[in-house]
Amino acid sequence: MSPVIVWSIILGLLVVLAYYVTRLAGKDQEGNRHDTGLAILEFGRAFPEEAIRSLHATADGEAIFVRLHDNKAGFMRGHRNHYACHLIEPGRVRVMPLPNARGFAVEFLDAPSQNGTFVFATEKEAAEVSLWLLDNYVNVADREVEEEKAQTSSSNVTPDRAT
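Residues numbered from 1 in each chain as written. Predicted model: local features only at pLDDT ≥ 70, side-chain atom pairs only at ≥ 80, totals over all residues. Heavy atoms only, no water.

Student: Would you mind showing me how to read the overall build of the protein chain here?
Tutor: Per the secondary structure count, the protein chain includes three helices and seven strands. When burial is assessed residue by residue, the protein chain has 26% of its 163 residues classed as buried. Partitioning the contacts of the protein chain with sequence separation of at least 6, the portion at a separation of at least 24 is 41%. Accessible area of the protein chain: about 11,100 Å², with a carbon and sulfur share of 57%. (Helix = DSSP H or I, 4+ residues; strand = E, 2+ residues; numbered from the N terminus. Buried < 20%, exposed > 50% of the residue type's maximum accessible area, 1.4 Å probe, protein only. Contact = heavy atoms within 4.5 Å. Areas by Shrake-Rupley, 256 points an atom, 1.4 Å probe, with all protein chains shown as cover.)

What follows is the structure in structure tokens.
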């Protein structure tokens, strides 16, 4: 056998092995190739005072929705090697259903460039994220009413006095 043929076969096998290893290394346990660790770091840099409770990536991995510690929500859109992070202010988002139950359309009133339709891997993920966004939207008035109740009830309370 010719040495050129042998080296061509070896080189071809090395290329196939390198391709397989890079594809395998980029996947997580569910088979996704999204880097949520980088997303957490980027959101932490953009909003260091916000604690992340959980996050869900879209099926294509281009967007990640973030649930924060105080029931606020955040949004991240992937741009090659970094993410554009956006903290969703209560009452500043509109969510519209899609015919496909695995997704929804979102209109960000503060950041119209981030508007779009987002499809998730499962219906359960889409439902959970839409509930985060709706809770962020619906409870604005409720939060104000609760704050007023807390202020009025605390002003009517007198401390016990030891005699």
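Now that the structure has been shown, we can carry on.
Student: Looking at this structure, I do not really get the packing of aromatic side chains. What am I missing?
Tutor: The relative placement of two aromatic rings is captured by the distance of their centres and the angle of their planes. One pass over the structure, following the stated rule, counts eight aromatic pairs. Seen in terms of ring centroids, Phe65 and Phe75 are 5.0 Å apart; in terms of plane orientation they differ by 55°. Their pairing is tilted. With Phe65 in strand β2 (residues 63-68) and Phe75 in strand β3 (residues 73-79), this residue pair connects regions lying 10 residues apart in the sequence. Per residue, the accessibility class of Phe65 equals that of Phe75, and both read buried. Put simply, the rings of Phe65, Phe75, Phe104, Phe108, Phe118 and Phe120 pair up and form one aromatic cluster. (Phe/Tyr/Trp six-rings, centres within 6.5 Å; stacked < 30°, edge-to-face > 60°.)

Student: Would you take a moment to explain the side chain of Arg77 for this structure?
Tutor: Inspection of the secondary structure assignment puts Arg77 in strand β3. A distance of 2.9 Å separates a polar atom in the side chain of Arg77 from the backbone oxygen of Gln114. Excluding its chain neighbours within four sequence positions, the residues that come into contact with Arg77 are Glu62, Ala63, His82, Tyr83, Ala84, Gln114, Asn115, Gly116 and Phe118. (Polar contact = N/O pair within 3.5 Å; in protein donor to acceptor, adjacent residues only side chain to side chain.)

Student: Any chance you could explain the sheet that holds strand β7 (residues 116-119) here in plain terms?
Tutor: The strands that make up a sheet are held in pairs by hydrogen bonds between backbone atoms, and each pair lies either parallel or antiparallel. Spatially, β5-β6-β7 is the arrangement adopted by the three strands of the open sheet, whose pairing is antiparallel. The two strands at the open ends of the sheet, each matched to only one other strand, are β5 (93-97) and β7. Each strand of the sheet is rotated relative to its neighbour by a mean of 30°, with strand direction disregarded. (Pairing = 2+ DSSP bridges. Axes fitted to C-alpha atoms, helices over the stretch in contact; angles between N-to-C directions.)

Student: What is the right way to look at the pattern of salt bridges in this model?
Tutor: Side-chain pairs of opposite charge can arise whenever the charged atoms involved come near each other. Scanning the model with the defined rule gives five salt bridges in all. For Lys72, the salt bridge identified is with Asp70, shortest N-O distance 3.7 Å. With a relative accessible area of 34%, Asp70 lands in the partly exposed category. Ionic pairing is found between Asp110 and Arg92, a salt bridge with its closest N-O pair at 2.9 Å. With a gap of 18 residues between them, Asp110 in the loop between β6 (103-108) and β7 and Arg92 in the loop between β4 (82-88) and β5 connect regions that are remote in the sequence. Salt bridges sharing partners connect three or more residues here, namely Glu50, Asp70 and Lys72. (Salt bridge = Lys/Arg side-chain N within 4 Å of Asp/Glu carboxyl O.)

Student: Got a minute to help me understand the side chain of Glu50 in this structure?
Tutor: Its place among the elements puts Glu50 in the loop between α2 (36-46) and β1 (52-57). The residues touching Glu50, leaving out its near neighbours within four places in the chain, are Phe43, Leu68, His69, Asp70, Lys72 and Leu87.

Student: Looking at this model, I keep getting lost on the pairing of β6. Mind explaining?
Tutor: A regular strand places its side chains on the two faces of the sheet in alternate fashion. For β6, the buried fraction is high: five of the six residues fall into the buried class. Bridge analysis of β5 against β6 gives five bridges, and the strand direction is antiparallel. Pairing of Val93 across the sheet is with Phe108, part of β6. What sits between β5 and β6 in their antiparallel hairpin is a turn of five residues. Of the strand pairs in this sheet, β6 and β7 are connected by four bridges, and their pairing is antiparallel. The partner of Phe104 across the bridge, within β7, is Phe118.

Student: Can you walk me through the environment of Asn71 in this structure?
Tutor: Here Asn71 is to be found in the loop between β2 and β3. Residue classification places Asn71 among the partly exposed residues on the basis of a relative accessible area of 29%. Considering only alpha carbons, one finds Asn71 and Trp132, 61 residues apart in sequence, at a separation of 7.4 Å.

Nothing here speaks to function; it is geometry throughout.
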